[in-house]
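Close look at the chain arrangement
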Amino acid sequence: MRRGGTALIGAGALYGVILFSHGDLGVDVHWITDYYLQVLMLAGINIIVTIGLNLINGFTGQFSIGQAGFMAIGAYLTAMLAKLVIPLETLPLAYQLSAFLALLLIAGSAAGAVGYLIGLPSLRLKGDYLAIVTLAFGEVVRSVIRSSDETAATLRSWGLSGLAGPIEGIGGPRGFGGFPKFDSLAVGGWTIPILFTLVFVLTAVTVVVARNIVYSSYGRACLSVRGNEIAAEVVGVDSTRVKVLAFALSGFLAGVGGGLFAFVIRFLHPDNFSFLKSIDYLIFLYAGGIASLSGSIISAGSLTVLPEFLRVVGFEQWRLVVYPLLLIGLMLWWPSGLMGNREFPFLAAPEKGLPEVTDVTDHKSQHVL
Amino acid sequence: MSVFVQQLINGLQRGSIYALIALGFTMVYGIIELINFAHGDMFMFGAYVAAFAGGAFLAQGYWAAFFGALLVSMVVTGLLGVLIERVAYRPLRYEPRFSALTTAMGVSLFLENFFALPSQAVPFPLNHVVFGPNYIRFPALLEVRTYSAGGIYFTTLHILDFVLAILLMLLLVYVIHYTLLGKAMRAVAFSKDGAKLMGINVDWTIAATFAIGSGLGAASGLMYGMTYGILASPYFGIFPGLQAFIAAVLGGIGIIPGAVLGGFLMGVSETFATSINSNLGYMISFLILIVVLLVKPAGLLGRLRRDKV
């Protein structure tokens, strides 16, 4: 509890410092511009999604590369509901916020439900075959969004114009924008940037909840499935349930991240959610180190900021070359990632004596060629 | 009927390109079990090298230009593949699998973004190396004739792509099954430690696999350039690379005939689906893949390994 309290104070202090540097606390400083604030929000979103991915790839040992698909579901569903079904602008601010949270929950749950379905094939497919199915799923989601116009036309021809309207509204290959904006809230001499606060709080909540999941008996079951599925079954772990639930949780987090992403960027395009975006999250996860929440936080946070930082320090054009070089260097010098199998004190195991988390992926040779 | 045959021919052409990329993919996977995310960029690099080499050889006549471009791009790209293996993958061979996977993603990002730099942003000797972010035209390396028979049109390129792909595949099969190098490759794929005990130079064999795989990628890059006439930007390898990855998995990753089968299947189905709807053309490979893997979890030609307790 003491460590938890320290972490809470730390998070509060970080939030205060950012608000102060953004000039929100009445002092006229602008060390953090709106642009930096947006980068910070993206960092928070990436932390949420990376933690979700860590639950599958890191803790449960299933190889999934479809995160962008879940994000796309979350993003488009939130945006569609907030713009076309329940127009958020028409509500008073307090309702706007609670409605937005409810929408995030709905979108996250939808993505989680899809995650559950995607998790089902993992019962049959192993390793890289599972990876490619999740990748394919992500691209199918993108193609479905791309063909929204055709879908809407088909629905119209069936006489379902009520359904066709919102589906046409997401714009397919033209992209989808113009979502309601969350303005800052004025409290006395202070202003509170609402969206930033929301992202910050949700990131913190995700970290806390993920930590509690990881050290619960369910989290231990995940690790046992990763270690050796058959042995886990033998000691009574329902590996089917463990894996499918991990996919559902991960889908939920990616869906919520996607919903936030939609409102931070305020423009969505199917190409934002290509498999390259899923690859970004794999990079965040593995650079941080698998099965380490601290690693996910550090690497998703810093690798989101890094390309923008390189831009600011004069690597305008070279930043996308420098970034992968740094990544390669990182993996060569720390092959198990920055925080592989280690945690910050406030995320550490609640009691001593829990088994060490090690990478036990076996290297059985394929008989091929 | 003639539309069907026409689409089939177009599909086989596209399939030959996919099959060759998929072969390189599957060879690397077969030998070190690495999903080589940078393989699509080998294809891209090969296409650019072929464009420049072909342009340079064009003064010597059409066939010299074609074979010159093929040879130069295969060799240069093969060397790049070996270099990448040496720098980014070899040091991580005995580390957890995901670390090599992550460097592969890093290498892929590096190749795309480095070669896409505009040349004025790059200091002197290097500015001749980057390809720049703009479209370039692929020089016509052969005189293209169009033939027609019974309402079906095909060109020299249709024939050439298909024949070249088949020839390279046969060559590969020969190398793998009838040469010492091929025997070493099969041994290393079976067991690295066992191969080492038998006196096989594992490092050298893996490097050779990368060279051959990257060379095949370059050949398909040349075919792509000749067929479509334009290289979009150094990012253009991403999509064919992904399709080839899927083709390799579809056939059973690590299995040579599987990659060929998967590649042709992918090319043909994509061409047919695109003729119905462009979005469907993009989706079809993924849908086929999902269905096939649900029925045969190790790909069309793969056999599932049973875990022993």
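Since the model is a prediction, treat every value here as computed from it, not as a measurement.

Examining the confidence of the model for chain B
Segments scoring low in pLDDT should not have their predicted coordinates read at a detailed level. Residues and elements named next belong to chain B. Mean pLDDT for chain B: 90, with 98% of residues reaching 70 or above. For chain B, per-element mean pLDDT is lowest for helix 11 (residues 278-295), which scores 87, and highest for helix 8 (residues 202-228), which scores 95. With pTM at 0.90, the complex prediction returns an ipTM value of 0.90.

Points about the packing of helix 13 (residues 293-312) of chain A against helix 14 (residues 319-333) of chain A
The description of two helices packed together rests on the angle between their axes and the distance between the axes. Residues and elements named next belong to chain A. Remark: helix 13 packs on helix 14, axes separated minimally by 9 Å, with the N-to-C direction vectors making an angle of 140°. When the axis of helix 13 is compared with that of helix 14, the two are oblique. Of the two elements, helix 13 crosses helix 14, and the hand of that crossing is right-handed. Residue-level contacts link Leu-303, Leu-306, Pro-307, Glu-308, Leu-310 and Arg-311 of helix 13 to Arg-319, Val-322, Tyr-323 and Leu-326 of helix 14. In the contact of helix 13 with helix 14, the residues fall into 7 nonpolar, no polar and 3 charged.

Notes on the pairing of strand 3 (residues 152-155) of chain B
All names here are of chain B. Looking at chain direction, strand 2 (residues 146-149) and strand 3 are connected through 4 bridges and run antiparallel. When the bridges of strand 3 are listed, Ser-148 appears paired with Tyr-153. Remark: 2 residues form the turn of the hairpin made by strand 2 and strand 3, two consecutive strands paired antiparallel; Gly-150 in that turn has positive phi of roughly 60°.

Concerning the nonpolar core
One finds Leu260(A) and Leu268(A) to be the most contacted residues of the largest nonpolar core, which totals 204 residues. The greatest single-element share of this core, amounting to 13 residues, is contributed by helix 1 (residues 2-32) of chain B. Discounting chain neighbours no more than four positions away, the residues touching Leu268(A) are Ala75(A), Tyr76(A), Ala79(A), Gly175(A), Phe176(A), Phe179(A), Phe261(A), Ala262(A) and Phe273(A).

Here we look at the interface of chain B and chain A
The partner chain A presents 49 residues to the 60 residues of chain B that form the contact. In total, chain B and chain A occlude about 5,300 Å² of area from one another, counting both sides; carbon and sulfur atoms represent 74% of this. Here chain B and chain A share 1 salt bridge between them. Across the salt bridge formed by Arg97(B) and Asp128(A), the nearest N and O atoms sit 3.0 Å from each other. Looking at the side of chain B that touches chain A, the elements that each hand over two or more residues are helix 1, helix 3 (62-89), helix 4 (97-115), helix 6 (180-190), helix 9 (238-251) and helix 11 of chain B. Counting residues per element, the side of chain B that touches chain A draws most heavily on helix 4 of chain B, which supplies 13 residues. Grouping the constituent residues of the side of chain B that touches chain A by class yields 43 nonpolar, 11 polar and 6 charged.

Focus on the side chain of Asn57(A)
Mapped onto the secondary structure, Asn57(A) falls in helix 2 (residues 34-60). Of note is the side chain of Asn57(A), whose polar atom sits 2.9 Å from the backbone nitrogen of Ser64(A).

Notes on the side chain of Gln6(B)
All names here are of chain B. Take Gln-6: it is sitting in helix 1. Exposure remark for Gln-6: the relative accessible area of 17% places this residue in the buried category. Excluding its chain neighbours within four sequence positions, the residues that come into contact with Gln-6 are Gly-151, Ile-152 and Tyr-153.

Each value, and the rule that gives it
Residues numbered from 1 in each chain as written. Chains lettered and ligands numbered in written order. Predicted model: local features only at pLDDT ≥ 70, side-chain atom pairs only at ≥ 80, totals over all residues. Heavy atoms only, no water. pLDDT = per-residue confidence, 0-100. Helix = DSSP H or I, 4+ residues; strand = E, 2+ residues; numbered from the N terminus. Axes fitted to C-alpha atoms, helices over the stretch in contact; angles between N-to-C directions. Parallel < 35°, antiparallel > 145°, perpendicular 65-115°, else oblique. Left-handed = near helix turned anticlockwise from the far one by under 90°. Contact = heavy atoms within 4.5 Å. Nonpolar A, V, L, I, M, F, W, Y, C, P; charged D, E, K, R; others polar. Pairing = 2+ DSSP bridges. Core = buried A, V, L, I, M, F, W, Y, C linked by side-chain atoms within 4.5 Å. Buried < 20%, exposed > 50% of the residue type's maximum accessible area, 1.4 Å probe, protein only. Buried area = accessible area lost by both parts, 1.4 Å probe. Salt bridge = Lys/Arg side-chain N within 4 Å of Asp/Glu carboxyl O. Polar contact = N/O pair within 3.5 Å; in protein donor to acceptor, adjacent residues only side chain to side chain.

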